[in-house]
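# Tertiary structure, described
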Amino acid sequence: MKLSRYEYTADGHAELFMFTSVGPKGAIKKLVVYSQMLQNDIYNLGFGDYNEDNGTIDDIVITDNNDSQKILATVASTLYVFTDKHPDVWVYATGSNTARTRLYRMGITTNLEEIIVDFEVYGLQNETWHEFKKGEDYQAFLVKRKF
Amino acid sequence: MTTIEKLNKSKVPIVKIDKSLNKLRGKNLFPEKLAKANETIAKVGLPKK
């Protein structure tokens, strides 16, 4: 990604990534999690604010740290690390609400030319997967690394 | 191309391993989201090629 991003750490399996968002609201720890779904070749991508005290993630909170593009670029970057370690899987992603799903769509749209070089990208529309197109509204996204 | 040039051009960043993250492995950190995702995939499947 050409956008600036945060540096992050990962667990040894490249399924958990942590970074710190820095902005007007302070330093906020973020966790990116790839969770294996019931269909073993699909992983769900989730991320949110990490609460170290109780080990939970809040993916609904609006942090408002003026860095949403940098956060999305960081999450997108983890996709490269994850799919390097898990090359044959699909990654499913959707926002915690409609506004956040739209934010994901905007993030993909902004970087689509670069993303499609390395990934197949699909959007879910009326219960059918379509190749991702700019300007279309989607309920969820599915990506797979091209090798 | 030298190794350093290759690393600089790579889209896959060098990532530091944080062993403390291992304690979160195997935990269902997004139970509702994961359940909904499984439900959606069960219904719509994967893209048809």
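Residues numbered from 1 in each chain as written. Chains lettered and ligands numbered in written order. Predicted model: local features only at pLDDT ≥ 70, side-chain atom pairs only at ≥ 80, totals over all residues.

## Describing the confidence of the model for chain B
All names here are of chain B. Here is the rule we go by: Confidence of the predictor at the level of single residues is given by pLDDT, which spans 0 to 100. The helix and strand labels rest on DSSP assignments: H or I over at least four residues marks a helix, E over at least two residues marks a strand, and numbering proceeds from the N terminus.
Summing up the model confidence of chain B, the mean pLDDT is 86 and the portion of residues at 70 or higher is 82%. Mean pLDDT across the elements of chain B ranges from a minimum in helix 1 (residues 3-9), with 63, to a maximum in helix 2 (residues 31-44), with 96. As a predicted assembly, this complex carries a pTM of 0.91 together with an ipTM value of 0.89.

## Some thoughts on helix 2 (residues 98-110) of chain A
Residues and elements named next belong to chain A. Quick note on the threshold: Here a helix's expected span is defined as the number of its residues, less one, multiplied by 1.5 Å. With C-beta atoms placed from the backbone, a residue is labelled by how many other C-beta atoms lie within 10 Å of its own: buried for 20 or more, exposed for 12 or fewer, partly exposed between the two. Here, the arc refers to the directions that run from the helix axis to the C-beta atoms. Distance between backbone-placed C-beta atoms decides contact: two residues are in contact if it is within 7 Å.
Taking 1.5 Å of rise per residue, the 13 residues of helix 2 would be expected to cover 18 Å, and the 18 Å separating its terminal C-alpha atoms lies within 8% of that figure. Within helix 2 the residues assigned to the buried category are T101, Y104, G107 and I108. Taken around the axis of helix 2, the buried residues stretch over an arc of 115°, which confines them to a single face. Across from the buried face of helix 2, at angles greater than 90 degrees, the exposed residues are T98 and A99. In this fold, the buried residues of helix 2 make contact with helix 1 (68-85), strand 6 (90-93), helix 3 (112-118), strand 7 (119-125) and strand 9 (141-145).

## Some points on unusual backbone geometry
Residue and element names in this part refer to chain A. Here the phi dihedral of A14 falls at roughly 55°; this positive angle occurs in a residue that is not glycine. Along the chain, the position of A14 falls in the loop between strand 1 (9-10) and strand 2 (16-23). A positive phi angle is found at D64, which is not glycine, with a value near 60°. On the secondary structure map, D64 appears in the loop between strand 5 (56-58) and helix 1.

## Section: the pairing of strand 4 (residues 42-51) of chain A
Residue and element names in this part refer to chain A. Rule in force here: Pairing between strands requires that DSSP locate at least two bridges from one strand to the other.
Burial analysis of strand 4 places seven of its ten residues in the buried class, the great majority of the element. Both strand 3 (residues 26-36) and strand 4 contribute to a ladder of seven bridges, which runs antiparallel. Among the inter-strand pairings, K30 is bridged to a residue of strand 4, identified as D49. Once strand 3 ends, the chain turns through five residues before running back antiparallel as strand 4.

## Observations concerning the environment of G46 of chain A
As for its placement among the helices and strands, G46 of chain A is situated in strand 4. Placed 47 residues apart in sequence, G46 of chain A and A93 of chain A show a C-alpha to C-alpha distance of 7.1 Å. Among residues more than four places away in sequence, those in contact with G46 of chain A are V33, S35 and D59 of chain A together with L29, F30 and K33 of chain B.

## A short note on the pairing of strand 6 of chain A
Residue and element names in this part refer to chain A. The alternating pattern of strand 6 places W90 and Y92 on one face and V91 and A93 on the opposite face, and all of these are buried. Pairing between strand 4 and strand 6: four bridges, direction parallel. Bridged to I42 within strand 6 is W90. The pairing of strand 6 with strand 9 spans four bridges and is classified as antiparallel. Bridge assignment links W90 to a residue of strand 9, and that residue is K144.

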